[in-house]
Amino acid sequence: MEMAKAKSYPTLRSARRLELIYEIPISKTQKFWEKLEEGKVFTTRCKDCGKIYFPPSGDCVDCLTSDMEWVELSGEAVLVTFTQVAVRPQTFSDYEPYIVAVGKLKEGVNVLAWLTGIKLEDVKIGMKMRLIGKVSREGRGTYEFIPGY
Ligand SMILES: [Zn+2]
């Protein structure tokens, strides 16, 4: 039963969480993807209560409003937690093992993204990171953490 075995591999949780990143609806967030390709990370803020959403949302769940504005994030973050994903979901099977990190941005929101440009043994909870926009190998806008501000 190869199939059943594959479905229960230990990194399934990480794989699922990664999928969330790529399932952001494009309709109201076109600007987000365009700015990432320029190296900038924008997101949406509720005009009524000021809550910042990441990934961007077209609606505020607190105010039940669609009155949102675009803001550029500082990118400054500290590492909250991380894990190394050694067994990749099939989509990323041509990538080397990678580090997935949760960073708390200066603006107060937690972001889940890859952490690149650092060896696993050098990664420390609380370290400074920068969230950057970039073009992925597949030619799409994406975002990731790099060490330092
Ligand atoms: Zn609001």
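Above this text sits the structure in question.
Just so it is clear, the structure is predicted and the values come from calculations on it, not from any experiment. (Residues numbered from 1 in each chain as written. Predicted model: local features only at pLDDT ≥ 70, side-chain atom pairs only at ≥ 80, totals over all residues. Heavy atoms only, no water.)

Draft legend 1. Structural detail: the packing of aromatic side chains. The full count for this structure, using the stated rule, is five aromatic pairs. Between F32 and F54, the ring centres sit 5.8 Å apart and the planes meet at 75°, which makes this aromatic pair edge-to-face. With F32 in helix α3 (residues 30-37) and F54 in the loop between β2 (52-53) and β3 (68-72), this residue pair connects regions lying 22 residues apart in the sequence. There is no split in this pair, since F32 and F54 are both buried. Both rings, one in F54 and one in Y143, keep their centres 5.1 Å apart while their planes meet at 80°; by these two values the pair is edge-to-face. Within this pair, whereas F54 is found in the loop between β2 and β3, its partner Y143 is found in strand β8 (residues 141-147), the two being separated by 89 residues in sequence. Through pairs of rings, three or more aromatic residues link up here, namely F32, W33, F54 and Y143. (Phe/Tyr/Trp six-rings, centres within 6.5 Å; stacked < 30°, edge-to-face > 60°. Helix = DSSP H or I, 4+ residues; strand = E, 2+ residues; numbered from the N terminus. Buried < 20%, exposed > 50% of the residue type's maximum accessible area, 1.4 Å probe, protein only.)

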